[in-house]
Structures are given as structure tokens and as C-alpha cells.
Amino acid sequence: MKSAHKKAVFGKVIIYAILILIAVVMIIPFLWMLSASIKSDREVFQMNPFVWIPANPKWDNYLKIWTKIPFGRFVGNTVYLTLIVTFLQLLTSSFAAYSFAKLNFRHKNGLFLAYIATIAMPWQVYMVPQFIMMRRMGLNDKLLAMICLQAFSAFGVFMMKQFYEGIPDDLCEAARIDGMSEYRIYASIMLPLSKPALSTLTIFTFVATWNDYLGPLIYLKSQEKKTIQLGLKMFISQYSSDYGLIMAGSVLSLIPVLVVFLVLQKYFVEGVASTGLKG
Amino acid sequence: MRKLSRQTKRDLVAYSFIAPNFIGFCVFTLIPIIFAFALAFMKWDGSNPIQWAGLSNFTRLWKDTFFIAAFKNTIIYCVGTVPLTMIASLALAIVLNQKVIGRGVFRTLSFFPYVASLVAITAVWKMLFHPSKGPVNNILLNVFNVPQDQLPQWFTGGLVLFSMILFSVWKYMGYYMVIYLAGLQGISSELYEAASLDGANTWQKFRYVTWPQLSSTTFFVVVMLTINCFKVYDIAIMLAGGGSGELTTSATVLVYYIYQKAFIDWDLGYSSSVAMVLFLMVLFVTIIQFRGQAKREKA
């Protein structure tokens, strides 16, 4: 009995040791980023002794980044893009998914097949013809191009449909007998029930749009159209040794995504589990 | 206007739900995809008239050393990243599925790298692994006594793919952990109780309960990982790209070559033929997935 207890304690110790190791590996780059963002360029790589918080923290790195490059403009563009894309994605995906999951109509399978057939198609395969087409439509170097590109994904429809199929049909039937229109059923029954799926899709879309690099790199050429990622990359290539400023900009660029993730994460595991993302 | 039949009315309501997404999807996804297939057999610089090229774009591929390097690097990156990420995320999920204090905090922390932007976080990695000044090489030099001239150059030459793999594992393990967590939570606790009664130890429980029960999750994770590895671009650009973002043969990947051929050389047809190679790779993995799923559903 005693040895079993000892064994259990030993097991716990190992688990906590692993956990702490993982936490350190996961978090050190972020702590380093925070630390370097308030250091001077000389202090950044100082090892003996290494300090996390320098004697004279250079808080003004966080002010300088706004004037050295048009950081405010980049933030504005990114916020604008991300909010519109996430909103459109949630709205149109859940709308279409409701139809595919809960309604019967002609050509349903054919239409859904179009989504299924392209869900595995990497964007990188058709990004070039897409750009040529957008350029013809006069959308080159326009934020609108980025919205068109990211707002209508097969993935969103597919994910929401999987989730709706888990909701009993009886709920909709009962509402139909009560005389509710399909739009009412969608808005007042389905949407409130789909918080986990909507949260999951929000995290995916928000993170993907906010952090996108290749899309904006292809489309957004002029300085005043650039997003944070492009702006930050541009800054890094121009001032590669201004480590303090680079890190301050990096910290700022991470905050919104982390906030969205922290707010919605309690639904996340549930969302992934219930939408069949686990296969 | 004549009265619509009930069925037509029903269809119209259904279509009205689908239309906003479907129209956008058709214009911005379906049409470009069709265009991409056609373009692979054309010669075009984007402004002059399009010329038919037949299979010449594809025959060019096999003699193009830069393409072969890109293809090879993508495969090596994939072969390194997929198993390592799978093992790391499974281990993480198993540990975080135990009843431990601060479980929520640890789960959140391990997800941070996934949501963090590549530009920001690769900037940190380039500092941590800086060849002459970074703390990693500093530790190698001072603690492990690696001679100065033998310190690893993490972002050039032969090591660059290794750095990319290491970085990817770190960045994406949290994401696949969530998928594994969902899988673990679907395993009935009765199975573990039965295994305990039979006297199974921790390893045996993993080997004979957890692992087989997770087989469909593992299958999904491996497929997703493989496809995502084929699409790698940003990581290579951020970690190994020069000032203006160009890659040498030691770090070039397929998507970079698609980008370069199209937007720098304006050789659109050839670029599309590289894209077709990427497509075929993904298609191949997807077919394996469908087959595997069908087999599983039969069983």
C-alpha cells in the first residue's frame, strides 16, 4: 500500500516537472520579447549578468515605434480588415451552414460538393490567378481585395454545418409548427446555441486575418495600405539592429490576438470537439 | 406574378441563406481555381496575349534545380515536422488531461505560440538563436564549451531546415494538443478502470487503451500536419529570408517558388505548374485520408 502511494507521488512529481518544463519553453520567447522591448540595444544581448528588467527601463520604445514608422496607420488597417472579415465570415458561414444542415432543397448535395471539393485546396495553389483577376477588377492595392479574399471560406461553412447537425432537428420542427420563419429560427434558436462553434470560428478567423502575411504582401503595395505584419517586417528589414523597438512593436502586435483568444478560449476545446475538427 | 409553388418557395428561402457566402465563394475561390488549372498549360506574363504551352511548363520543372531544391526542402521539412509535432502535442495533451493544479493556465500558455504572429515571434527566435550574440549560442559557448568557430549558424546553410522544424514544432504543438485533448475526452473512463483491474501499468494503459482509442485522431492530426507543412512559406521567409525576403536553395520551399515565379519573374504559367505540383501533393494526402476514413467507418 505504502509503495503504491509512493509511486503515485513520484508520478505527480514527474508530471509537474514536465509541465513546468513545457511552460518554460512556451513562455520564454514571450518573456524575452517583453524584456527586450524595454532595453537599449546594448542591453538586449547582455548575458553576464542577465537581467529581465533593466535598471533604466526604456519605456519610450513603446512611444518611438508610433513615430518611427506609421504604426498607427498599420494598426488601423489591420483592425479594420480583421473586424470586417471576422464579421462577414461568421455571418455568411453560419447563414449558409444553417441551410445545408437544417433545410431540404433542390441541388443541395451539388452545392455542398463545391465546398467539399475545395476545402482541401490550398490557397497558395490559386493565389496567382486570384490576384490577376482582382487586378482586372481594379482591386489591386485595395483593402477591399483582402476582405473579398478572406471573408468567404469553405472551411467556415463546413465547420458550422458540422456543429448545426449536432443540434436536434426537433427544435426547428417545433418552431416551424409554432409558425416561426426560417430566418427567425436561425436568429433566435440556432445562433444562441452555437456559441462554442462561433467562438472557435472567431478565433480561427481573427488569428488568421490578423497574422496573415502572404496575402497582404501580394496585394497591399503602398505604405498607407499596409497591415501590422507587413509594417513590422518592413521595419525589421530596415532597422535590423533596433532590437528594443522591434520587440516593442512585436508586443503591441500580439496584444489584440491574445485578448480575443483569452476571452473566447473557454469555448475552444468544446468547439473543436463538437464541430468534428478532430475528425 | 404567378403564385410560386411551395417547393419553389422553400428552395428560395434555402438559397437566400446560402447566397451571400456562395456568391463570394464562387467569384473569389472557384473561378480562380479553374483559372489556375488552365494557366498551368499556358505561357503568360500577365499583360501580353496568352499562349498555349501544352506540357512544356511541366517538362521544364524536372530540369530546374531551384524547383528541385524547393521540392526537396518542402519534403524534408515535412518529414521532420510531422512526427515531432505529433509526438509533442500528444504528450502535452496527455499531461494536460490529468487532474493537475493550474491545468487551465498551462493549456492557455501552450496555445500562445499558435496565436502569436509569425513576424513578431520569429523576430524573437532570431535573437535567441543569434549566431554570435544570442543566448542559445552563448550557453553552448560558456556552459557546454563549444568552441567559438564551431557554434551553430542556425539560419544559414544546412541547419536552416532544422531551425524551421524546431520552430514549427514549438509554434503548432499547442494547436494539435487541443485536437488530441478533444480525442482524449472522448475515451470512456470504463476502459481505464477495466485496464486497472487487469493490473495494467501506466505504459500498458497508454499502449493498449489510449493509443488505439486515439487512432482516428492521430490519423487526422497527421493528415492536417502534412498538408500544412506542404504549404509552408512564412516560416522560411521570416527565419531564412534576406533583407528583401529572398531565399537561397538551402531554404527555398514550393510556395516561395510559386510566389517568386509569379510576382517577381511574371512567368505566370510556369508558376501555376509549380502550384499544380503542390496541388497534387495535397490531393494525394487527401485521397489517403478519404480511404482511411472509409475503411474506419466500415470497421
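Scoring rules and cut-offs
Residues numbered from 1 in each chain as written. Chains lettered and ligands numbered in written order. Predicted model: local features only at pLDDT ≥ 70, side-chain atom pairs only at ≥ 80, totals over all residues. Heavy atoms only, no water. Contact = heavy atoms within 4.5 Å. Buried area = accessible area lost by both parts, 1.4 Å probe. Salt bridge = Lys/Arg side-chain N within 4 Å of Asp/Glu carboxyl O. Polar contact = N/O pair within 3.5 Å; in protein donor to acceptor, adjacent residues only side chain to side chain. Helix = DSSP H or I, 4+ residues; strand = E, 2+ residues; numbered from the N terminus. Nonpolar A, V, L, I, M, F, W, Y, C, P; charged D, E, K, R; others polar. Phe/Tyr/Trp six-rings, centres within 6.5 Å; stacked < 30°, edge-to-face > 60°. Buried < 20%, exposed > 50% of the residue type's maximum accessible area, 1.4 Å probe, protein only. Expected span 1.5 Å × (residues − 1). Arc of directions from axis to C-beta. Axes fitted to C-alpha atoms, helices over the stretch in contact; angles between N-to-C directions. Parallel < 35°, antiparallel > 145°, perpendicular 65-115°, else oblique. Left-handed = near helix turned anticlockwise from the far one by under 90°. pLDDT = per-residue confidence, 0-100.

**Q** Residues and numbers for the interface of chain B and chain A, please.
**A** Accessible area lost during the coming together of the parts is what is often quoted as the interface size. Opposite the 89 residues of chain B that make contact, chain A presents 89 residues. Both faces combined, the contact of chain B with chain A buries some 8,200 Å², and carbon together with sulfur accounts for 78% of it. Contact with chain A buries surface across chain B, with F17, F28 and M127 of chain B losing the most and accounting together for 10% of the total. Measuring nitrogen to oxygen at the nearest pair gives 2.6 Å for the salt bridge that ties D11 of chain B to R106 of chain A. Between chain B and chain A we count 17 residue pairs in polar contact (both at pLDDT 80 or more) in total. Of the residues forming the side of chain B that touches chain A, the biggest block, 25 residues, is contributed by helix 1 (residues 6-39) of chain B. Across the side of chain B that touches chain A, the residue classes tally to 62 nonpolar, 21 polar and six charged.

**Q** Break down the packing of aromatic side chains for me, citing the residues and quoting the values.
**A** All chains considered together, the criterion is met by 54 aromatic pairs over all chains. Between F100 of chain A and Y115 of chain A, the aromatic rings sit 5.8 Å apart at their centres with planes inclined by 85°, giving edge-to-face as the arrangement. Residue F100 of chain A is found in helix 4 (residues 71-102), and its partner Y115 of chain A is found in helix 5 (residues 108-119); the two are separated by 15 residues along the sequence. By the burial criterion, F100 of chain A is buried, and Y115 of chain A matches it. Pairwise contacts between aromatic rings join F30 of chain A together with F112, W125, F129, W154, F162, F167 and W170 of chain B into one cluster.

**Q** An account of the side chain of T218 of chain B is requested, with residue identities and associated values reported.
**A** Note on placement: T218 of chain B falls in helix 10 (residues 215-230). Excluding its chain neighbours within four sequence positions, the residues that come into contact with T218 of chain B are M86, Y180 and W211 of chain B.

**Q** Lay out unusual backbone geometry in plain terms, naming residues and giving numbers.
**A** Residues and elements named next belong to chain B. One non-glycine residue, N145, adopts positive backbone phi at about 55°. Assignment of secondary structure puts N145 in the loop between helix 6 (135-142) and helix 7 (160-185). One non-glycine residue, W266, adopts positive backbone phi at about 55°. Locating W266 in the fold gives a position in the loop between helix 12 (254-263) and helix 13 (268-298).

**Q** Could you give an account of helix 8 (residues 189-197) of chain B, naming the residues involved and the relevant values?
**A** Residue pairs spaced three or four apart in an α-helix point in one direction, given the helix's 3.6 residues per turn. Where helix 8 of chain B begins, the side chain of S188 of chain B points an oxygen toward the backbone nitrogen of E190 of chain B, at a separation of 3.1 Å. Downstream of helix 8 of chain B by a residue or two, G199 of chain B has a phi angle that is positive, lying close to 80°.

**Q** So, helix 5 of chain A: which residues are in play, and what are the values?
**A** The end-to-end C-alpha separation of helix 5 of chain A is 17 Å, in line with the 16 Å expected for twelve residues at 1.5 Å each. Turning to helix 5 of chain A, its buried residues are K108, L111, F112, A114, Y115 and T118 of chain A. Taken around the axis of helix 5 of chain A, the buried residues stretch over an arc of 140°, which confines them to a single face. Opposite the buried face of helix 5 of chain A, by more than 90 degrees, sit the exposed residues N109, L113 and A117 of chain A. Contacts from the buried residues of helix 5 of chain A go to helix 4 and helix 8 (154-165) of chain A together with helix 1 of chain B.

**Q** So what about the side chain of S94 of chain A? Which residues, and what values?
**A** Residues and elements named next belong to chain A. Along the chain, S94 turns up in helix 4. Here S94 falls in the buried class, since its relative accessible area comes to 1%. Of note is the side chain of S94, whose polar atom sits 2.8 Å from the side chain of Y186.

**Q** Tell me what's going on with the packing of helix 6 (residues 123-136) of chain A against helix 12 of chain B, and back it up with residues and numbers.
**A** For the pair helix 6 of chain A and helix 12 of chain B, interaxial distance at closest approach is 10 Å and the crossing angle is 15°. Looking at the two axes, helix 6 of chain A sits roughly parallel to helix 12 of chain B. Considering the relative orientation of helix 6 of chain A and helix 12 of chain B, their crossing is right-handed. Between helix 6 of chain A and helix 12 of chain B, the residues in contact are Q124, M127, V128 and F131 of chain A and V255, I258, Y259, A262 and F263 of chain B, respectively.

**Q** Residues and numbers for the confidence of the model for chain B, please.
**A** Detailed conclusions should not be drawn from predicted coordinates in areas where pLDDT is low. Scored by pLDDT, chain B comes out at a mean of 88, with 97% of its residues at no less than 70. Note on the complex model: pTM 0.89, ipTM 0.86.

**Q** Can you explain the pattern of salt bridges? Please cite residues and give values.
**A** Working definition: two side chains of opposite charge can pair if their charged atoms are close together. One pass over the structure, following the stated rule, counts nine salt bridges over all chains. For K102 of chain A, the salt bridge identified is with D169 of chain A, shortest N-O distance 2.6 Å. With a gap of 67 residues between them, K102 of chain A in helix 4 and D169 of chain A in helix 9 (residues 169-177) connect regions that are remote in the sequence. For K102 of chain A, a relative accessible area of 10% puts it in the buried group. Between D11 of chain B and R10 of chain B there is a salt bridge whose closest N-O contact spans 3.7 Å. Here R10 of chain B falls in the partly exposed class, since its relative accessible area comes to 39%. In this structure, a network of salt bridges that share partners links the residues R106 of chain A together with R10 and D11 of chain B.

**Q** Before we move on, could you go through the confidence of the model for chain A and cite the residues and values that matter?
**A** For chain A, the mean per-residue pLDDT works out to 86, and 96% of the residues sit at or above 70. By mean pLDDT, the top-scoring element of chain A is helix 4 of chain A (93), and the lowest-scoring one is helix 15 (residues 268-274) of chain A (69).

**Q** How would you explain the packing of helix 8 of chain A against helix 11 (residues 195-211) of chain A if you had to name every residue and give the values?
**A** Residue and element names in this part refer to chain A. Helix 11 packs onto helix 8 with a crossing angle of 160° between their chain directions and a minimal axis gap of 10 Å. Relative to helix 11, the element helix 8 lies roughly antiparallel. For the pair helix 8 and helix 11, the sense of crossing is right-handed. Within the contact between the two elements, helix 8 uses F155, G156, M159, M160 and F163 and helix 11 uses P196, A197, L198, T200, L201 and F204. When the residues that make up the contact of helix 8 with helix 11 are grouped by side-chain class, the tally is nine nonpolar, two polar and no charged.

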